[in-house]
Amino acid sequence: MAGINPNPNVFLLMASGQIESAEFPTLEDLYCKFSFVHGQDWVVTSGIEEGISQITKRSNDDRQLFIWNFPIEITYKSTNPFGWPQLVVSCYGTDVFGRDVIRGYGTTYLPITPGQHTIKVPMFVPVSTSRLQKLTRSNSI
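Anyway, here's the lowdown on the structure attached to this text. Keep in mind that what you see is a predicted model, and the values were worked out from it rather than measured. (Residues numbered from 1 in each chain as written. Predicted model: local features only at pLDDT ≥ 70, side-chain atom pairs only at ≥ 80, totals over all residues. Heavy atoms only, no water.)

This next bit is on the nonpolar core. Here is a general trend for soluble globular proteins: nonpolar side chains tend to be buried in one another's company. Ile19, Phe36 and Trp68 are the most contacted members of the largest nonpolar core, which has 21 residues in total. Where this core is concerned, the elements lending two or more residues are strand E1 (11-23), strand E2 (29-37), strand E6 (65-78) and strand E7 (86-94). Sorting elements by how many residues they give to this core places E6 first, with six residues. Ignoring anything within four residues of it in the chain, the contact list for Trp68 reads Ile19, Glu20, Ser21, Ala22, Leu30, Tyr31, Cys32, Ser53, Gln54, Thr56 and Cys91. (Core = buried A, V, L, I, M, F, W, Y, C linked by side-chain atoms within 4.5 Å. Buried < 20%, exposed > 50% of the residue type's maximum accessible area, 1.4 Å probe, protein only. Helix = DSSP H or I, 4+ residues; strand = E, 2+ residues; numbered from the N terminus. Contact = heavy atoms within 4.5 Å.)

Listed below in structure tokens is the structure:
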């Protein structure tokens, strides 16, 4: 009997897509890191839980986007929805000394409904607290 779940106490969640672009109008170069976080009852059965993109420059058109088109794909197995998986995205650039500096970060839950989804993740942008940090930070936001 094809199509019968051999373990009816378990369900699967599959997600595939891409981190397409970001809007940071005052910056020049960015790269992005992603990771999936989940509760203790969730098990990754296939896919990659974290990754890092290439460095990209802001587009010269009216949109001024950073384009990555960075593929992501993951499959989970769980016994209950508690701790539903989230995608965490962090964007990084460099300061005047060439050190990596976080430029923004955000998170979103994976969709609970099947189908195609477009998700915009609000990015929180840290602000320097000291004058020295503000002076050494290139391309201030």
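Now that the structure has been shown, the text picks up again.
Tallying each qualifying case throughout the model produces eight aromatic pairs. A centroid spacing of 6.5 Å and a plane angle of 15 degrees characterise the contact between Phe11 and Trp84, whose relative ring orientation is stacked. Here Trp84 lies in the loop between E6 and E7 and Phe11 lies in strand E1, a separation of 73 residues in the sequence. The class for Trp84 is buried, based on a relative accessible area of 17%. (Phe/Tyr/Trp six-rings, centres within 6.5 Å; stacked < 30°, edge-to-face > 60°.)

Spatially, three strands are ordered E1-E6-E3 in an open sheet, and the strand pairing comes out antiparallel. Each having just a single partner strand, E1 and strand E3 (43-47) make up the two edges of the open sheet. The sheet shows a mean angle of 30 degrees between the axes of neighbouring strands, direction not considered. Taken together, the 12 bridges between E1 and E6 define a ladder with antiparallel strand orientation. Within the sheet, the bridge partner assigned to Ile19 lies in E6 and is Phe70. (Pairing = 2+ DSSP bridges. Axes fitted to C-alpha atoms, helices over the stretch in contact; angles between N-to-C directions.)

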